[in-house]
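Architecture and fold: a report
As a plain string of letters, each chain reads:
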Amino acid sequence: MLARYHQLPISLRLAIIVGATVIGSGLYCLAYRYSAGNPATIAEAFSWGVINLAPWAVAIEIGRTMNNWRQTALVLAAAGLASLGLGSMFDLQWPSSFELARRLPALLLAVIALVAIELYRRKRVVRNNAPKAATQGEPIAAGNVFYWARAAGNYVELYAKGSQPKLVRSTLSEWIDQSKEDWVRIHRSYAVDRHNIVNVEKSSVLLRSGDRLPLGNAYRSKVSAA
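Because the structure is a prediction, the values reported are computed rather than measured.

**Let's talk about the layout of surface pockets**
One number sums up the size of the second largest pocket: a volume of about 400 Å³. Lining the second largest pocket are 21 residues, with T65, M66, A151, R188 and S189 positioned closest to its centre. For the lining of the second largest pocket, the leading source of residues is strand β1 (residues 148-152), giving three residues. Residues that form the lining of the second largest pocket fall into these classes: nine nonpolar, eight polar and four charged.

**What to know about the sheet that holds strand β5 (residues 190-193)**
Across a sheet, paired strands are connected by hydrogen bonds in the backbone, their directions being either parallel or antiparallel. Taken together, the five strands give an open sheet; going across it, the order is β3-β2-β1-β5-β4, and neighbouring strands pair in antiparallel fashion. Each edge of the open sheet carries a strand with a single partner, namely β3 (166-169) and β4 (183-187). The sheet shows a mean angle of 30° between the axes of neighbouring strands, direction not considered. Across four bridges, strand β2 (residues 155-159) lies against β3 in antiparallel orientation. Following the sheet pairing, L158 is matched in β3 by K166.

**Structural notes on the pattern of salt bridges**
For the coordinates displayed, the defined rule picks out four salt bridges. Between R33 and E44 there is a salt bridge, with its nearest N and O atoms 3.6 Å apart. Within this pair, whereas R33 is found in helix α2 (residues 10-35), its partner E44 is found in helix α3 (residues 42-52), the two being separated by 11 residues in sequence. On the basis of relative accessible area, E44 is assigned to the partly exposed category, the value being 39%. Residues E157 and R150 are paired through a salt bridge, measuring 3.1 Å at the closest nitrogen-oxygen approach. Both residues of the pair, E157 and R150, count as buried.

**As for the sheet that holds strand β7 (residues 204-207)**
Here we have three strands laid out as an open sheet, ordered β6-β7-β8, and antiparallel in their pairing. The sheet is open, and its two edges are formed by β6 (197-200) and β8 (212-214), each paired on a single side. When the angles between neighbouring strand axes are averaged without regard to direction, this sheet yields 25°. Where β6 lies against β7, three bridges are found, and the strand directions are antiparallel. Note on β7: the bridge partner recorded for N199 is L206.

**Observations regarding the packing of α3 against helix α4 (residues 54-63)**
Pairs of packed helices are described in terms of their axes, by the angle between the two and the distance that separates them. Direction vectors running N to C along α3 and α4 enclose 40°, while the axes themselves pass 4 Å from each other. Judged on the interaxial angle alone, α4 and α3 are oblique. For the pair α3 and α4, contact is made by G49, V50, I51 and N52 and by A54, P55 and W56, respectively.

**Some points on the confidence of the model for the protein chain**
Across the protein chain, pLDDT averages 79, with 81% of residues at or above 70. Residue range residues 128-144 is modelled with pLDDT below 50. Its contacts to residues more than four positions away, or to other chains, number 22 contacts.

**A short note on the nonpolar core**
Counting residues in each nonpolar core, the largest one holds 13 residues, and the members touching the most others are W148, I186, V192, I197, V205, L207 and L213. For this core, the elements supplying multiple residues, two or more each, are β4, β5 and β7. By size, the runner-up hydrophobic cluster in this structure holds 12 residues, among which are F146, V156, I176 and A191.

**Details of helix α7 (residues 172-179)**
Considered for burial, the residues of α7 that qualify are L172, W175, I176 and S179. For α7, the angular spread of the buried residues around the axis is 95°, confining them to a single face. Taken together, the buried residues of α7 touch β1, β2, β4 and β5.

What counts, and at which threshold
- Residues numbered from 1 in each chain as written.
- Predicted model: local features only at pLDDT ≥ 70, side-chain atom pairs only at ≥ 80, totals over all residues.
- Heavy atoms only, no water.
- 1 Å grid on protein atoms, 1.4 Å probe; cavity = no way out; pocket = protein on both sides within 12 Å on 5 of 7 lines; lining within 4 Å.
- Points joined across faces, edges and corners; volume = space filled by probe spheres on them.
- Helix = DSSP H or I, 4+ residues; strand = E, 2+ residues; numbered from the N terminus.
- Nonpolar A, V, L, I, M, F, W, Y, C, P; charged D, E, K, R; others polar.
- Pairing = 2+ DSSP bridges.
- Axes fitted to C-alpha atoms, helices over the stretch in contact; angles between N-to-C directions.
- Salt bridge = Lys/Arg side-chain N within 4 Å of Asp/Glu carboxyl O.
- Buried < 20%, exposed > 50% of the residue type's maximum accessible area, 1.4 Å probe, protein only.
- Parallel < 35°, antiparallel > 145°, perpendicular 65-115°, else oblique.
- Contact = heavy atoms within 4.5 Å.
- pLDDT = per-residue confidence, 0-100.
- Core = buried A, V, L, I, M, F, W, Y, C linked by side-chain atoms within 4.5 Å.
- Arc of directions from axis to C-beta.

Dropping the structure here:
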C-alpha cells in the first residue's frame, strides 16, 4: 500500500496528507472540547488543524524528497510563513511575537521527523547493501530485475514485482546514466525499465508488473520513442 501511495502524483499525495491531518485533528478537537464541557464549533475545530498542523505536514511530505538541507530549510520556512499567514486570515490581525514563538515546537517536530526519515533511509541502505544481500541474486544493474525507480532525495527506490523496494544511494539521473539504454525517465520523480513498458497512456505509463506510474508532459516524447 505504501508503494502505491508513492506512485501517486505529488499534488494528490499532498491532498491526502492535508485532508487526513485536518479531519483527524478536527475530530479530536471536537471530542476533546466536548468531553471538557466546552464544545467547539465546526469552524474552531477544523481551522486549528488547517493553521497549526497542515502546513507542517505538507513540509514533511515535500521535505523528504528534497536533495539537500538548504532546500529543506526553505520548505520549512515556507511552512512557518504559511501557518502565520493562515492564522492572520482567521484572526484578522498581524501575528504577534507570541504567535511566532508558538510555531517553534511545530518546527522542531518537523525537523525531527525529517531527520528520522533520513536516518531510516540510511539504515535501509546499509541493510540492503550488507554482504549477505550480495549473495541473494539481486544484481543492481540488471535491466529486468527492477521494473521502476522513484527518486527519494539523495536515494533511489527500486521496485520489483512482489517484493519490497531496494534503496540505493544515488540520484535518479545518476541511476539512469549508470543503467545506460535500459532506463527512461517518465516523470521528475520516476524512471522505468523501457523493456517493461506495456502501454503509454495520456497521463500515465502501464508496466508489465501491473503498476501504473504518472507520465510528465516533458518526458512524453522520450517515452514514446522508447
